[in-house]
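Analysis of the macromolecular model
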Amino acid sequence: YRTEVSSSADDLFKWHNRPPAFSRYNQPWDPVKVVSRTAGANGYIGDGAEIVLSIPVLRPFRIRWRIGHCNYDPPKQFEDFQIRGPFRSWQHIHRFLPQGPDSSVLEDEIRFEIPPAAKFFGPAGRLLEKDISKRLDHLFAYRSYVIAGDMDLFKRYDQTPLTVLIAGGSGLVGTAL
């Protein structure tokens, strides 16, 4: 999957290395829930970082998926791999390719293998692989749209972090926040 973005590869990588990034491009039609996350040696997506997700399978059923991060090489790439989950294997390489001073391409390479039990069912197993590929196509079309829009906003406004004080944390507004 390739997404052209009107920002530098460095800025695109920084966007991905922020905790809200995953929530931003999470598909609204079948949302994945973050159960837990641990930072790695280099931050949110650095080597050794892990995230445990609750993913929808057949409504209302969900399964846990534990993913690790490795090959953290800013601003060029990082990689996700399955530690435990629904696949026999899963590898997702995120590459950030500069195209110019204010443009880049996010390239996502995904390799997965369905569990041996699914292959046992022959045609049904092949349908499962096709269904997963179709879901990934929809996910990455949505993700491309969100990332491109976010990067346009990211570039348009000052990127200096703000410090916000919330007073009255036990009141009506503070409790909701």
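Scroll up to find the structure.
Here the structure is a predicted model, which means the values were calculated and not measured.

1. Focus: the sheet that holds strand β4 (residues 62–73)
Taking strand neighbours across the sheet as the criterion, the seven strands line up as β1-β7-β6-β5-β4-β3-β2 in an open arrangement whose pairing is antiparallel. Each edge of the open sheet carries a strand with a single partner, namely β1 (2–5) and β2 (33–38). Going across the sheet, the axis of each strand differs from the next one's by a mean of 20 degrees, ignoring polarity. The pairing of strand β5 (residues 77–84) with strand β6 (residues 89–100) spans five bridges and is classified as antiparallel. Residue Glu79 lies in a different strand from β6, and its bridge partner there is Ile93. Relative to β6, helix α1 (residues 9–16) is tilted by about 145 degrees, and along the sheet it contacts β1, β4, β5, β6 and β7 (103–113). The strands touched by helix α4 (residues 123–156) are β1, β6 and β7; relative to β7, the strand with the most contacts, the crossing angle is about 160 degrees.

2. A look at a nonpolar patch on the surface
Taken together, Val57, Leu58, Phe61 and Ile63 make up a surface patch of nonpolar side chains, about 380 Å² in accessible area. Within the secondary structure layout, Phe61 lies in the loop between β3 (50–56) and β4. Owing to a relative accessible area of 58%, Phe61 belongs among the exposed residues under this scheme.

3. Overview of the nonpolar core
Ranked by size, the top nonpolar core spans 33 residues in total, and within it Leu53 and Ile147 carry the most contacts. Where this core is concerned, the elements lending two or more residues are α1, α2 (20–24), β3, β4, β6, β7 and α4. Excluding its chain neighbours within four sequence positions, the residues that come into contact with Ile147 are Val5, Leu12, Trp15, His16, Tyr25 and Leu106.

4. Describing the packing of aromatic side chains
This model, assessed by the stated rule, comprises 13 aromatic pairs. Residues Trp29 and Tyr142 carry aromatic rings whose centres are separated by 5.5 Å and whose planes lie at 85 degrees to one another, so their mutual orientation is edge-to-face. In this pair, Trp29 sits in the loop between α2 and β2 while Tyr142 sits in helix α4, placing the two residues 113 residues apart along the sequence. Over the aromatic face of Tyr25 sits the side chain of Arg143, whose NZ or CZ is 4.3 Å from the ring centroid.

5. Description of the packing of α1 against α4
Contact geometry for α1 and α4: axes closest at 11 Å, N-to-C directions at 110 degrees. As the angle between them shows, α1 and α4 are arranged roughly perpendicular. Like other packed secondary-structure pairs, α1 and α4 cross with a definite hand, here right-handed. For the pair formed by α1 and α4, the contact residues are Asp11, Leu12, Trp15 and His16 on the first element and Arg143, Ile147, Asp150, Met151 and Phe154 on the second.

6. Details of the environment of Arg24
Its location among the elements puts Arg24 in helix α2. Each C-alpha atom of the pair Arg24 and Lys155 lies 17 Å from the other, and the pair is 131 residues apart in sequence. Filtering out sequence-adjacent residues up to four positions away, Arg24 remains in contact with Trp15, Tyr142, Val146 and Asp150. In this structure the side chain of Arg24 is engaged in a polar contact, spanning 2.7 Å, whose partner is the side chain of Asp150.

7. A word on the environment of Asp108
Within the secondary structure, Asp108 sits in strand β7. Here Asp108 falls in the buried class, since its relative accessible area comes to 3%. A sequence separation of 12 residues divides Asp108 from Phe96, and the C-alpha atoms of the two residues are 8.9 Å apart. The contacts of Asp108, once residues within four sequence positions are left out, are Tyr1, His92, Ile93, His94, Phe140 and Arg143.

The rules behind these values
Residues numbered from 1 in each chain as written. Predicted model: local features only at pLDDT ≥ 70, side-chain atom pairs only at ≥ 80, totals over all residues. Heavy atoms only, no water. Pairing = 2+ DSSP bridges. Helix = DSSP H or I, 4+ residues; strand = E, 2+ residues; numbered from the N terminus. Axes fitted to C-alpha atoms, helices over the stretch in contact; angles between N-to-C directions. Contact = heavy atoms within 4.5 Å. Patch = residues over 30% accessible without salt bridge, like charges linked within 9 Å, V, L, I, M, F, W, Y side chains within 5 Å. Areas by Shrake-Rupley, 256 points an atom, 1.4 Å probe, with all protein chains shown as cover. Salt bridge = Lys/Arg side-chain N within 4 Å of Asp/Glu carboxyl O. Buried < 20%, exposed > 50% of the residue type's maximum accessible area, 1.4 Å probe, protein only. Core = buried A, V, L, I, M, F, W, Y, C linked by side-chain atoms within 4.5 Å. Phe/Tyr/Trp six-rings, centres within 6.5 Å; stacked < 30°, edge-to-face > 60°. Lys NZ or Arg CZ within 6 Å of the ring centre and 35° of its normal. Parallel < 35°, antiparallel > 145°, perpendicular 65-115°, else oblique. Left-handed = near helix turned anticlockwise from the far one by under 90°. Polar contact = N/O pair within 3.5 Å; in protein donor to acceptor, adjacent residues only side chain to side chain.

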